[in-house]
Amino acid sequence: MIGIILVILVAVVLIYGIAAYNGFIRLRNDVREAFATMDVYLKKRYDLIPNLVETVKGYAKHESETLQKVTDARASVMQAATPSEKLKKENFLTRSLGQLLAVAEAYPDLKASTNFNELMQQLERVEEDIANARKFYNAVVNKFNTRCESFPSNIIAKLFHFEEEPMFETDETSRENVKVDFGA
C-alpha cells in the first residue's frame, strides 16, 4: 500500500515538473517573441530617424549638437548586443529624439514642411506601435518573472536555470520634461 502511494506521489511530482518546465519554455518563447515584435517597431523608428535628422538639419543648421546626439544614440542602440543592453540604450534614444522634436518646435518653416509633417506622422504611428509592443513585452515578462518567483515553480526555475527577464522601464531622466534653451 505504501509502495503504491509512493509511486503515485512520484508520478504526480514528475508530471508537475514536466508541466512546469514546459510552461517555462512557453513563457520564455513568448518573451522572446514579444521582444522581437518590439524590436521590429524599434527598427522602423531607427530607419525614420536619419530622414528626420536630415530634414531638421536643413532648417536648424546651428542645432548640430542635438542632431549629433540623436545620431549617436541611434547608432548605440543598433550596436547593442543583448536585449537588456538594448532596453537601457533605448531610453537615451527616446530622450534624444524628444530633444530633437522640441528643437523642431522652434522653427515654423520646418513645422510647415510637408516632408517633415509626413515623417512626424510616420513617427507618431511607429511610436504608438512601440508603446503597445512595450506593454505586451512587459506583460509577458511579468508572467514569466512571476512564475520564476512563485512556489513551487521557482524550484523548477532554479533547477533549469530560468532567470528573470528585464522589464522595459524608463529611467529617471526620461521621465523629466525635455529642456530646450534657445537663448545664449
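Residues numbered from 1 in each chain as written. Predicted model: local features only at pLDDT ≥ 70, side-chain atom pairs only at ≥ 80, totals over all residues. Heavy atoms only, no water.

> Explain the pattern of salt bridges here, please?
Where side chains of opposite charge bring their charged atoms close, a pairing between them can arise. This model, assessed by the stated rule, comprises eight salt bridges. One salt bridge connects K86 with D39, and the closest N-O pair in it is separated by 2.7 Å. In this pair, K86 sits in helix α3 (residues 83–104) while D39 sits in helix α1 (residues 2–59), placing the two residues 47 residues apart along the sequence. For K86, a relative accessible area of 13% corresponds to the buried category. The salt bridge partner of E127 is R45, with a shortest N-O separation of 2.8 Å. Separated by 82 residues along the polypeptide, E127 in helix α5 (residues 114–149) and R45 in helix α1 bring together distant segments of the chain. Each of R45, E90, E127 and R134 takes part in one network of salt bridges that share partners. (Salt bridge = Lys/Arg side-chain N within 4 Å of Asp/Glu carboxyl O. Helix = DSSP H or I, 4+ residues; strand = E, 2+ residues; numbered from the N terminus. Buried < 20%, exposed > 50% of the residue type's maximum accessible area, 1.4 Å probe, protein only.)

> Please explain a nonpolar patch on the surface as it appears in this structure.
On the surface, a cluster of nonpolar side chains totalling about 550 Å² of accessible area is made up of Y21, F151, I155, L159 and F160. Within the secondary structure layout, F160 lies in the segment after α6 (153–159). (Patch = residues over 30% accessible without salt bridge, like charges linked within 9 Å, V, L, I, M, F, W, Y side chains within 5 Å. Areas by Shrake-Rupley, 256 points an atom, 1.4 Å probe, with all protein chains shown as cover.)

> Quick question: what am I supposed to make of α5 here?
Turn by turn, an α-helix covers 3.6 residues, leaving residues three or four places apart pointing in a common direction. With 36 residues, α5 should reach 52 Å at 1.5 Å per residue; the first-to-last C-alpha distance of 52 Å fits that figure. A distance of 3.4 Å separates the backbone nitrogen of N115 from a side-chain oxygen at the start of α5, and that oxygen is part of S113. (Expected span 1.5 Å × (residues − 1). Polar contact = N/O pair within 3.5 Å; in protein donor to acceptor, adjacent residues only side chain to side chain.)

> Got a minute to help me understand the packing of α3 against α5 in this structure?
Geometrically, a packed helix pair is captured by the angle between its two axes and the distance between the axes. It is the contact of α3 with α5, at a shortest axis distance of 14 Å, that shows an interaxial angle of 150 degrees. Comparing the axis directions of α3 and α5 gives the class roughly antiparallel. Judged by the twist between their axes, the crossing of α3 over α5 is left-handed. Of the residues in α5, those touching α3 at L87, E90, T94, L97, L101 and A104 are F116, M120, L123, E127, R134 and Y137. The residue makeup of the contact of α3 with α5, split by class, is eight nonpolar, one polar and three charged. (Axes fitted to C-alpha atoms, helices over the stretch in contact; angles between N-to-C directions. Parallel < 35°, antiparallel > 145°, perpendicular 65-115°, else oblique. Left-handed = near helix turned anticlockwise from the far one by under 90°. Contact = heavy atoms within 4.5 Å. Nonpolar A, V, L, I, M, F, W, Y, C, P; charged D, E, K, R; others polar.)

> I would appreciate a short explanation of the confidence of the model for the chain in the present structure.
Detailed reading of the predicted coordinates is not advisable wherever pLDDT is low. The share of residues in the chain with pLDDT of 70 or more is 92%, and the mean pLDDT across the chain is 87. No element of the chain has a lower mean pLDDT than helix α4 (residues 108–112), which averages 79, and none a higher one than α6, which averages 95. (pLDDT = per-residue confidence, 0-100.)

> Teacher, can you tell me more about the side chain of N138 here?
Relative to the helices and strands, N138 is located in helix α5. By relative accessible area, N138 is classed as buried at 17%. If near-sequence neighbours (up to four positions away) are discounted, N138 is found in contact with M167 and F168.

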